[in-house]
Amino acid sequence: VMGNSSEFQKAVKLVIDTVSFDKDSTVQVFEATIRVLGSLLSAHIIITDTKQPFGDMTIKDYDNELLHMAHDLAVRLLPAFENTKTGIPYPRVNLKTGVPPDSNNETCTAGAGSLLVEFGILSRLLGDSTFEWVARRAVKALWSLRSNNTGLLGNVVNIQTGHWVGKQSGLGAGSDSFYEYLLKSYILFGEKEDLEMFNDAYRNIQNHLRRGREACNEGEGDPPLYVNVNMFTGQLMNTWIDSLQAFFPGLQVLIGDVEDAICLHAFYYAIWKRYGALPERYNWQLQAPDVPFYPLRPELVESTYLLYQATKNPFYLHVGMDILQSLEKYTKAKCGYATLHHVVEKTKEDRMESFFLSETCKYLYLLFDEENPLHKSGNKYMFTTEGHIVSVDERFRNSLWQDILPGEEGSAEKIKPNEVKAVNFSSNCNRVPDERRYLLPLKSNYMRQIDRMVGLI
Ligand code: DMJ
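Residues numbered from 1 in each chain as written. Predicted model: local features only at pLDDT ≥ 70, side-chain atom pairs only at ≥ 80, totals over all residues. Heavy atoms only, no water.

A. Molecular detail of the UniProt feature "active site" (unreviewed entry) in the protein. The feature "active site" (unreviewed entry), as given by UniProt, occupies Glu31, Asp176, Glu280 and Glu299 in the numbering adopted here. As for its position among the elements, Glu31 is in helix H2 (residues 29-48). For Glu31, a relative accessible area of 26% translates into the label partly exposed. Mapped onto the elements, Glu299 comes out in helix H11 (residues 299-311). Setting aside chain neighbours within four positions, we find Glu299 in contact with Ser243, Leu244, Ala246 and Phe247. (UniProt positions renumbered as here; feature names shortened; annotations may be inferred. Helix = DSSP H or I, 4+ residues; strand = E, 2+ residues; numbered from the N terminus. Buried < 20%, exposed > 50% of the residue type's maximum accessible area, 1.4 Å probe, protein only. Contact = heavy atoms within 4.5 Å.)

Okay, here's the thing in structure tokens:
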């Protein structure tokens, strides 16, 4: 992304020469997929890209080593999908010995249902449907367990019984990337059923999770907020929102719901202004953090970046600058940037998550890098949920999975890359008519209301 080819080449070589997955180590299937599998695949795609838009990122004598490593890792994750009655995978797997005997049968929706982008890419690059098939089966199994009444999904499920252990339906922890990957799978693979699921889910979210006035930026009533509800009844379950939910405005940008995205983003930014960070959970009734740590999460920056691409409103550069300055002021440590243990006291932990580099820093950098190849029209890229970039191209349009799904032969409709609407950020920008760019300001009335809601005034 920074165009630093010599460092990229050095890092790739280091990974090829030193990394092995033959380890007696128990990993989370979701985290290993989005952080490790995703980065291997992304780097492989960049190396083998015939256009090389980021500079010369080719590797001398490259023999698909990263793809082989990704394959090796994915094979080691596969036992998680075996011996599960629903097809929903176990949450953890030992890279050497498979599912641990004392393994938990409960998993979260996001963890089990957001593997399709990475597993699908792998399948399509290898021409082996296994990986996409298991990931898709998990998505469909979760989808079939949604409530008949509200259409909502819960956040924790038993993989053997299909019983919802966590009945909370929300947009944050345990659910977030499930929705994100329904849309991103469609963007990448063009399978219509993914879009249909996403559209249904989005409608149910609007009907049951969104509270407050209808038009976000004007009218009477409270500014809108997406709350946590019981999946079966739609009743409010608690009065907090979490920091993970701040990704949602970014997703709304991808589908063109820019106005609502602007309002929700502004609410999270108001919380950031109050603490110089986002508490893990913020109680909107008490106007105080419920869970006060901040592990350098990227979601607010990610939405800021996507909103800037969509609106080109310099307000988002200002937000980015503000976030950057608080990170420098409160989280900088001797050897990196530190998790804030408490957003009020500003105490630190000796821990820096990998998503700080792969997402938080990347989105901040890209926010200010107008000329980045990612932003040039004609270059179509998508970010995985861990911020790894993958090109949206024909290579990923050849699906194999429907040939092996019983009763579904040839049933999936395919969309060509140029028919997909939300493919890259330059085309997303075009979803906001030119004359409306810059012209999507938040009304001062709205700003005052949210500032009051987070105790800023
Ligand atoms: C990232 O690992 C991913 O974005 C994931 O989907 C949820 N959020 C974390 C960072 O907060």
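B. Here's a closer look at the site of the ligand. Taken together, Phe30, Ile34, Asp176, Ser177, Leu244, Arg297, Pro298, Glu299, Phe355, Glu359, Thr385 and Glu386 make up all the residues around the ligand. In this structure, Arg297 approaches the ligand through a side-chain N or O atom, which is 2.7 Å from an oxygen atom. Contacts to the ligand include Thr385, whose backbone N or O atom sits 2.7 Å from an oxygen atom. Notes on the ligand: free accessible area 300 Å², of which the protein chains cover 93%. Sorting the residues of the shell around the ligand by element identifies H2, helix H7 (176-189) and helix H13 (354-368) as the ones contributing at least two each. Residue-level mapping places the shell around the ligand at the junction of two domains, with at least three residues from each of domain 1 (1-238) and domain 2 (241-392 + 433-456). (Near = heavy atom within 4 Å. Polar contact = N/O pair within 3.5 Å; in protein donor to acceptor, adjacent residues only side chain to side chain. Areas by Shrake-Rupley, 256 points an atom, 1.4 Å probe, with all protein chains shown as cover. Domains from an automatic or database assignment.)

C. Just the packing of helix H5 (residues 116-126) against H7, in detail. Relative orientation of the contacting elements H5 and H7 amounts to 25 degrees, with a least axis distance of 9 Å. When the interaxial angle is binned, H5 and H7 end up roughly parallel. For H5 against H7, the interelement crossing comes out right-handed. Residue-level inspection shows Leu116, Val117, Glu118, Gly120, Ile121 and Arg124 of H5 in contact with H7, the latter providing Tyr181, Lys184, Ser185, Leu188 and Phe189. Taken together, the residues of the contact of H5 with H7 break down into six nonpolar, two polar and three charged. (Axes fitted to C-alpha atoms, helices over the stretch in contact; angles between N-to-C directions. Parallel < 35°, antiparallel > 145°, perpendicular 65-115°, else oblique. Left-handed = near helix turned anticlockwise from the far one by under 90°. Nonpolar A, V, L, I, M, F, W, Y, C, P; charged D, E, K, R; others polar.)

D. How the structure looks around the sheet that holds strand E4 (residues 156-158). Spatial strand order, E3-E4-E5: three strands in an open sheet with antiparallel pairing. Each edge of the sheet is formed by a strand with only one pairing partner; in this case those strands are strand E3 (106-108) and strand E5 (164-166). Adjacent strand axes in the sheet meet at a mean angle of 35 degrees, parallel and antiparallel pairs treated alike. Bridging between E4 and E5 involves two bridges; their strand directions are antiparallel. By the bridge assignment, Val157 is partnered in E5 with Trp164. (Pairing = 2+ DSSP bridges.)

E. Looking closely at the packing of aromatic side chains. Throughout the structure, instances matching the rule amount to 17 aromatic pairs. Clustering of aromatic rings is evident, with ring pairs tying together Phe198, Tyr202, Tyr226, Phe247 and Phe248. A cation sits over an aromatic face here: Arg281 above Trp240, 3.8 Å from the ring centre. In this arrangement the basic side chain of Lys346 is found over the ring face of Tyr330, its NZ or CZ atom lying 4.6 Å from the centre. (Phe/Tyr/Trp six-rings, centres within 6.5 Å; stacked < 30°, edge-to-face > 60°. Lys NZ or Arg CZ within 6 Å of the ring centre and 35° of its normal.)

F. Up close: the nonpolar core. Of all hydrophobic cores here, the largest spans 129 residues; its most connected members are Phe119, Ile121, Leu188, Phe248, Phe267, Ile271 and Tyr294. Other than its neighbours up to four places away in sequence, Tyr294 contacts Trp272, Ala277, Leu278, Leu327, Thr339, Leu340 and Val343. (Core = buried A, V, L, I, M, F, W, Y, C linked by side-chain atoms within 4.5 Å.)

G. Inspection of the side chain of Thr360 at higher detail. Note that Thr360 resides in helix H13. Residue classification places Thr360 among the buried residues on the basis of a relative accessible area of 0%. For Thr360, the residues in contact, after removing those within four places along its chain, are Leu296, Arg297, Pro298, Val301, Leu327 and Phe355.

H. Fine view of the pairing of strand E12 (residues 288-291). For strand E11 (residues 281-283) and E12, the ladder comprises three bridges, and the chain directions are antiparallel. Its bridge partner being in E12, Tyr282 is matched across the sheet by Pro289. Counting the residues that bridge the hairpin from E11 to E12 gives four residues, and of these Gln287 lies at a positive phi of roughly 55 degrees.

I. The arrangement of the UniProt feature "binding site: Ca(2+)" (unreviewed entry) in the protein in detail. Under the present numbering, the feature "binding site: Ca(2+)" (unreviewed entry) in UniProt falls on Thr385. For Thr385, the side chain forms a polar contact with the side chain of Glu180, separated by 2.9 Å.

J. Broad picture of unusual backbone geometry. Non-glycine residue Asp61 carries a positive phi angle of around 55 degrees. Topologically, Asp61 is positioned in the loop between H2 and helix H3 (65-77). Look at Lys346: it is not a glycine, yet its phi comes out positive at around 65 degrees. Mapped onto the secondary structure, Lys346 falls in the loop between strand E15 (340-342) and strand E16 (347-348). On the basis of relative accessibility, which here comes to 23%, the residue Lys346 falls in the partly exposed class.

K. Inspection of the pattern of salt bridges at higher detail. A full pass over the atoms with the stated rule returns 24 salt bridges. A salt bridge links Lys332 to Glu328; the shortest N-O distance between them is 3.4 Å. Note on Lys332: relative accessible area 45%, which makes it partly exposed. One continuous salt-bridge network, built from bridges that share partners, spans Arg124, Glu132, Arg136, Lys140, Glu191, Glu193 and Asp194. (Salt bridge = Lys/Arg side-chain N within 4 Å of Asp/Glu carboxyl O.)

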